[in-house]
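# Architecture at a glance
What follows is each chain in one-letter form.
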Amino acid sequence: MDRIRIHGGVSLKGIIPIGGAKNAALTLMPACLLTDETLSLSNLPHLVDITTMANLLAQHGVRMALNGHDPRGGHTGRVLELTAAEILNTTAPYDLVRRMRASVLVLGPLLARCGRARVSLPGGCAIGTRPVNLHLKALEQMGAVIDLQEGYIAAEVSGRLKGAHIIFPQVTVGGTENTLMAATLAEGETVIANAAREPEVTDLANCLVAMGAHIEGIGTGTLRIQGMERLHGAQYSVVPDRIETGSYAVAAAITRGDVELVGARFDLMESVTKVLRECGVTVEETPRGMRVAVLGDITGIDIMTEPYPGFPTDMQAQLMALLSTANGASMITETIFENRYMHVPEMTRMGANINVHGASAIVRGVPHLSGAPVMATDLRASVSLVLAGLAAEGETLINRVYHLDRGYERVEEKLAACGARIERLKGESPE
Ligand code: EPZ
């Protein structure tokens, strides 16, 4: 298993290109199941999770071409054509779903198109229990009969799904995406109230419109969908990744550097930009994206994670790394996932001063972090340790790099191009 070695202490200077959003791509890809025509996705990131979704869709019968190659071959092309002319299999097996929870996003489209689906129930994960009860309840309201059998969600509907008025009791990104996809092929109107407004949901809605769906209220908390008998093919470009953008913005800030994030969508970064500016980081829009620089001191602040447009839970660990190096104390409160502080003991080993009390963490800034061997159990925790390593004195060795490879494309190349002393050690982990 690969590891990453960092010799910290270099101020990053230069340009970092931002790729397509992983979490948008992971819902746009299963949308291909809604039509027998070709959905062509450009700006697709080259990540392990994308390959996992490609493998899942392939076993449902989706034919794929990536710059003329099969994406499972690992080519670095950026345009993926997906054609679900015929769905050969409506089961999403345990072996693929356990590797990636986003696999559950095939449930809504398969049920809407084929009238049945059998999807392995995702288990808990490192950051929380993450149930899918709200996905299932919404589909039941649309007429699906759902049973849990031998670890699988077995869903069926006779005829088409029926439009329904769905009110989510809490914001759920995946629940909104599954329901939205199902509603495009349902009979009649579906209203989704308290819908997630995350840019990845908006990207899905815009893609579905390009495929012929009728959706009003895109980008708001109420989506109104008029179901259609069929959708058609489309060409669609995946939105730039706001979490990759935010992660590299923190890389610039934590090393007191000056970096331009080329291809970033500044308009989607409002809450992150606001928080960084409050800490003393200079953030400005540029014609190509945004620039992040540190001219003075970084100061501690209090933040709380919230659904979009609030501060994203997927940026909490990265911000904690930055605040560990700030002047003064900060308080971070995590409101989305119940177990998203797995990076804290590792950061503590690097000299950070963090105390967790329930959902909140008090971070007292220290003058220096110090390099150490570390590992993490999820994607954002892993990248936060890379960020801490960039700022730390001495050598940091990050184990379990496969978490990083799920969500960050060529992370060491992008950082090295800005001066970071970072390298990948191939297959050298003792695990
Ligand atoms: C998506 O997960 C993202 N994943 C996550 O990114 C992200 O952290 C999360 O949204 C919140 O923004 C993808 O898009 C693939 P939710 P999702 O449904 O859809 C509870 C990353 O690092 N809930 O909005 O699974 C749930 O337990 C990943 O890239 C229910 O109780 O998140 C959580 O507490 C990690 N029942 C809250 O809602 C349900 O049926 C929000 O979850 C569904 C969710």
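Our subject is the structure listed above.
Within each chain, residue numbers correspond to sequence positions counted from 1 in written order. A pLDDT threshold of at least 70 governs which residues receive local features in this predicted model, and a stricter bar of 80 or more applies before side-chain atom pairs are shown or counted, although totals over entire chains, interfaces and linings include all residues. As a rule here, side-chain values come from all non-hydrogen atoms in the structure, and water together with hydrogens is ignored.

## A look at the sheet that holds strand E7 (residues 116–120)
Note the threshold: Criterion used throughout: strands pair if DSSP finds at least two bridges between them. Put simply, DSSP marks the helices as runs of H or I at least four residues long and the strands as runs of E at least two long, and each gets a number from the N terminus on.
Spatial strand order, E6-E7-E9-E8: 4 strands in an open sheet with mixed pairing. The strands lining the two open edges of the sheet, one partner per strand, are strand E6 (91–92) and strand E8 (145–149). Where E6 meets E7, 2 bridges bridge the pair, whose relative direction is parallel. Looking at the pairing, alanine 92 lines up with valine 119 of E7.

## Re the packing of helix H10 (residues 316–323) against helix H12 (residues 379–391)
Think of two packed helices as two axes; the pair is described by the angle between the axes and how far apart they sit. What counts is decided by this rule: Fitted lines through C-alpha atoms serve as axes, helices being fitted only where they are in contact, and the angles separating the N-to-C directions of these axes extend from 0 to 180 degrees. In these notes the angle categories are as follows: under 35 degrees is roughly parallel, over 145 is roughly antiparallel, 65 to 115 is roughly perpendicular, and the rest is oblique. Here a crossing is taken to be left-handed if its near helix is turned anticlockwise relative to the far helix by less than a right angle, and right-handed if that turn runs clockwise. Every residue pair with non-hydrogen atoms within 4.5 Å of one another is taken to be in contact. Under this grouping Gly is polar, as are all residues other than the nonpolar Ala, Val, Leu, Ile, Met, Phe, Trp, Tyr, Cys and Pro and the charged Asp, Glu, Lys and Arg.
At their nearest, the axes of H10 and H12 sit 8 Å apart, and the two run at 20 degrees to each other. One way to sum up the angle between H10 and H12 is to call them roughly parallel. H12 is crossed by H10, and the crossing has right-handed handedness. Across the interface between the two elements, Ala317, Gln318 and Ala321 of H10 pack against Arg380, Ala381, Val383, Ser384, Leu387 and Ala388 of H12. For the contact of H10 with H12, a count of residues per class yields 6 nonpolar, 2 polar and 1 charged.

## Some words on the state of the cysteines
Applicable threshold: When two cysteine sulfur atoms are found within 2.5 Å, that pair is recorded as a disulfide. To sort residues, take the accessible area from a 1.4 Å probe on protein chains only and compare it with the maximum for the residue type: under 20% means buried, over 50% means exposed, and anything in between is partly exposed.
Per the stated rule, a full pass over the model turns up 0 disulfides. The thiol of cysteine 32 is not disulfide-bonded; the next cysteine sulfur, from cysteine 207, is found 9.8 Å away. Residue classification places cysteine 32 among the buried residues on the basis of a relative accessible area of 0%.

## A word on the side chain of threonine 184
Inspection of the secondary structure assignment puts threonine 184 in helix H6 (residues 173–184). What threonine 184 contacts, discounting residues up to four positions off in sequence, is Leu34, Leu208, Ala213, Ile225, Gly227, Met228 and Leu231.

## Observations concerning the sheet that holds strand E1 (residues 3–7)
Pairing is mixed across the open sheet formed by 4 strands, whose spatial order is E22-E23-E1-E24. With one partner strand each, in any of the chains shown, strand E22 (373–375) and strand E24 (421–425) form the two edges of the open sheet. Direction aside, the axes of adjacent strands within the sheet are offset by 20 degrees on average.

## Quick notes on the site of the ligand
So the rule is basically this: When at least one non-hydrogen atom of a residue lies within 4 Å of a molecule or strand, that residue is treated as near it. Definition of a polar contact: a pair of N or O atoms within 3.5 Å, with one able to donate and the other able to accept a hydrogen when the atoms are protein atoms, and with sequence-neighbouring residues admitted only if both atoms are side-chain atoms. Every accessible area reported is derived by Shrake-Rupley at a probe size of 1.4 Å, with residue values counting cover from the shown protein chains alone.
Near the ligand, the surroundings consist of 21 residues, among which Leu134, Thr172, Asp314, Ile336 and Arg380 are the closest. A distance of 2.9 Å is found between an oxygen atom of the ligand and a side-chain nitrogen or oxygen belonging to glutamine 170. Residue arginine 380 places a side-chain N or O atom 2.7 Å away from an oxygen atom belonging to the ligand. For the ligand, whose free accessible area comes to 840 Å², the fraction covered by protein is 86%.

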